[in-house]
There are 2 protein chains.
Amino acid sequence: MNRAPIGIFDSGIGGLTVARAIYERLPHESTIYFGDTARVPYGPKSPDTVRRYSLEILHWLLDQGVKAVVIACNTSTAHALEALQAAAPVPVIGVIEPGARAAVSAMRGGPIGVIGTAGTIASNAYARAIQSAKPGAAVEQRACPLFVPLVEEGWFDHPAAELIAAEYLEPMKRARVDVMVLGCTHYPLLKPLLQRTLGPDIRLIDSGEETAALVQGALRSSGLGAPPGATPEHRFVVSDDEARFRQVGSRFIGERLGKAEVVALG
Amino acid sequence: MNRAPIGIFDSGIGGLTVARAIYERLPHESTIYFGDTARVPYGPKSPDTVRRYSLEILHWLLDQGVKAVVIACNTSTAHALEALQAAAPVPVIGVIEPGARAAVSAMRGGPIGVIGTAGTIASNAYARAIQSAKPGAAVEQRACPLFVPLVEEGWFDHPAAELIAAEYLEPMKRARVDVMVLGCTHYPLLKPLLQRTLGPDIRLIDSGEETAALVQGALRSSGLGAPPGATPEHRFVVSDDEARFRQVGSRFIGERLGKAEVVALG
């Protein structure tokens with residue numbers, strides 16, 4: 001038993017969907033969420049820069065006494081997971097492999113669809129993780145740059161969102177994917193829209209939920225879980241623009257998001 | 001007469017609309033465009049950080065021998081124009097004041113509309129510049145976060161773009177603005193859509209065109225213009241991700257955009 005918090009970090013706000021999945025699956029665990037809002041987005045930055053930023057955040061989280069670290073950011077997972085695992089004395093878990101493995105388990109013969117930001121799709125990280133879990137698996141990828149601002153606007157059911165989703169997902173329907181990975185932490189808020197657009201037979205994989213399941217397993221196997229009756233505490237820390245984080249973040253996790261502290265790194 | 005290039009910079013790609021306005025109005029002038037694609041966007045960054053980045057770019061441009069500098073970025077103009085004017089031995093011109101002055105000249109009694117990114121609207125920089133040109137002028141502002149990704153996708157006439165524009169501009173119609181400033185360098189590519197949405201009676205102010213006119217005046221009055229028959233050269237420099245800059249940038253300025261050099265700053 002261990003009451004120390006789980007550290008969760010992202011380049012900004014999107015990782016709150018992963019945090020939410022952890023709150024739901026592990027209701028007695030305390031957390032510290034770090035959003036690097038001063039340096040968001042990581043997508044266009046070089047792998048070296050992303051690794052350097054991620055290591056800074058890791059060390060800050062370790063200084064707070066976290067018992068495990070979740071990289072709730074696709075770009076950081078793609079470029080920095082191994083470096084963080086090598087540097088940390090606690091388990092470090094990224095979002096890509098859990099989503100890729102869940103997609104491989106759910107596939108039924110058709111290709112696996114993957115949607116994400118332009119940076120994540122260009123990095124090919126999901127395709128590589130899927131093919132390492134199942135060599136030769138076909139992957140249909142599509143960058144969906146309008147989905148993040150749609151989510152941040154809260155236009156989940158706007159007629160424009162329907163048209164945008166129809167356009168982005170048309171290649172998925174044409175390729176007859178039967179499972180599609182939401183390869184961006186913002187996208188779980190679009191799940192009803194995406195499911196409506198693709199039809200009920202296509203299984204959507206939420207990387208955040210799969211990651212939360214992996215965290216649960218890691219805490220159990222190492223005896224690091226919080227005591228069953230523990231009352232959790234959730235801290236939120238950002239590197240800039242706390243007001244916008246709270247305003248947009250409340251769309252992601254509702255009233256759980258009280259105030260956020262501001263900490264400058266680097 | 002002076003054949004030295006004009007330096008133009010932006011946090012990324014959007015400033016190319018300002019560059020285009022300069023090519024069209026000053027066809028004999030050579031230019032160097034610097035896009036800080038490694039650190040885009042500037043909007044969420046603190047004023048101090050934006051000022052520091054802008055000064056780094058200014059000094060790099062001065063090292064290239066530019067005879068004038070255009071800040072083709074709303075955020076940098078809002079936070080760094082005065083610091084750059086104090087630091088530079090050449091004229092430095094920003095995008096906000098030319099747009100604000102043109103709007104004040106064109107107003108016919110109704111309020112002045114201003115659209116921009118969330119950062120520009122929150123900074124209130126256009127409203128301040130408008131009210132300093134015409135004290136008491138009414139300003140109707142609206143952040144339009146989906147417009148930048150729509151432009152970068154090239155969806156200028158997509159049905160989703162029509163719906164998004166209708167939603168964002170509804171308050172402008174209700175307030176009966178008769179002139180609206182495009183307070184983001186990406187927006188000139190949406191001009192036909194915006195004009196269709198607002199109707200033919202509302203005048204759109206393109207800050208880039210107004211800035212180019214001011215540059216023309218500054219070069220004339222200081223005798224710094226290129227000789228009338230000069231053949232212009234246009235250099236493009238970015239701090240990261242040259243491939244994406246070329247791909248998206250060609251939507252902004254077409255075939256003029258050949259290759260771009262990569263220069264790391266900071």
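Residues numbered from 1 in each chain as written. Chains lettered and ligands numbered in written order. Predicted model: local features only at pLDDT ≥ 70, side-chain atom pairs only at ≥ 80, totals over all residues. Heavy atoms only, no water.

Concerning the packing of helix H4 (residues 96-106) of chain B against helix H10 (residues 207-222) of chain B
Residues and elements named next belong to chain B.
Move 1: One way to put it is that H4 packs onto H10 with a least axis distance of 8 Å and a crossing angle of 105°. Looking at the two axes, H4 sits roughly perpendicular to H10. For the pair H4 and H10, contact is made by Pro98, Gly99 and Ala102 and by Ser207, Glu210, Thr211 and Leu214, respectively.
Move 2: Residue composition of the contact of H4 with H10, grouped by class: three nonpolar, three polar and one charged. (Axes fitted to C-alpha atoms, helices over the stretch in contact; angles between N-to-C directions. Helix = DSSP H or I, 4+ residues; strand = E, 2+ residues; numbered from the N terminus. Parallel < 35°, antiparallel > 145°, perpendicular 65-115°, else oblique. Contact = heavy atoms within 4.5 Å. Nonpolar A, V, L, I, M, F, W, Y, C, P; charged D, E, K, R; others polar.)

Quick word on the layout of surface pockets
Move 1: There is about 660 Å³ of room inside the second largest pocket.
Move 2: For the lining of the second largest pocket, the elements supplying multiple residues, two or more each, are helix H2 (47-63) of chain A together with helix H2 (47-63) of chain B. (1 Å grid on protein atoms, 1.4 Å probe; cavity = no way out; pocket = protein on both sides within 12 Å on 5 of 7 lines; lining within 4 Å. Points joined across faces, edges and corners; volume = space filled by probe spheres on them.)

Structural notes on the environment of Trp60(B)
All names here are of chain B.
Move 1: In this structure, Trp60 sits in helix H2.
Move 2: Assessed through its relative accessible area of 13%, Trp60 is described here as buried.
Move 3: C-alpha separation for the pair Trp60 and Val263, spaced 203 residues apart in sequence, amounts to 9.7 Å. (Buried < 20%, exposed > 50% of the residue type's maximum accessible area, 1.4 Å probe, protein only.)

Thoughts on the environment of Glu261(A)
Residues and elements named next belong to chain A.
Move 1: Mapped onto the fold, Glu261 is located in strand S10 (residues 261-262).
Move 2: In sequence terms Glu261 and Leu194 are 67 residues apart; their C-alpha atoms lie 34 Å from each other.
Move 3: Contacts of Glu261, omitting those with residues within four sequence positions, involve Arg235, Phe236, Val237 and Val238.

A word on the side chain of Thr211(B)
Move 1: The topology assignment puts Thr211(B) in helix H10.
Move 2: When neighbours within four sequence positions are excluded, Thr211(B) is seen to be in contact with Val18(B), Val70(B), Ile93(B), Gly94(B), Val95(B) and Pro98(B).

A word on the packing of H2(B) against helix H3 (residues 74-87) of chain B
Packed helices, taken two at a time, are described by their axes: the angle between them and the distance between them.
Residues and elements named next belong to chain B.
Move 1: H3 packs onto H2 with a crossing angle of 50° between their chain directions and a minimal axis gap of 9 Å. Relative to H3, H2 is oriented oblique. At the point where H2 passes H3, the crossing takes the right-handed sense. Judged by residue contacts, Pro47, Val50, Arg51, Ser54, Leu55 and Leu58 of H2 engage Thr75, Ser76, His79, Ala80, Ala83, Leu84 and Ala87 from H3.
Move 2: In terms of residue class, the contact of H2 with H3 is made up of eight nonpolar, four polar and one charged. (Left-handed = near helix turned anticlockwise from the far one by under 90°.)

A few points about the side chain of Asn74(B)
All names here are of chain B.
Move 1: Tracing the chain through its elements places Asn74 in helix H3.
Move 2: Here Gly183 takes part through its backbone oxygen, which lies 3.1 Å from a polar atom of the side chain of Asn74.
Move 3: Here Asn74 is in contact with Val95, Ile96, Thr120, Tyr126, Gly183, Cys184 and Thr185, once residues within four sequence places are set aside. (Polar contact = N/O pair within 3.5 Å; in protein donor to acceptor, adjacent residues only side chain to side chain.)

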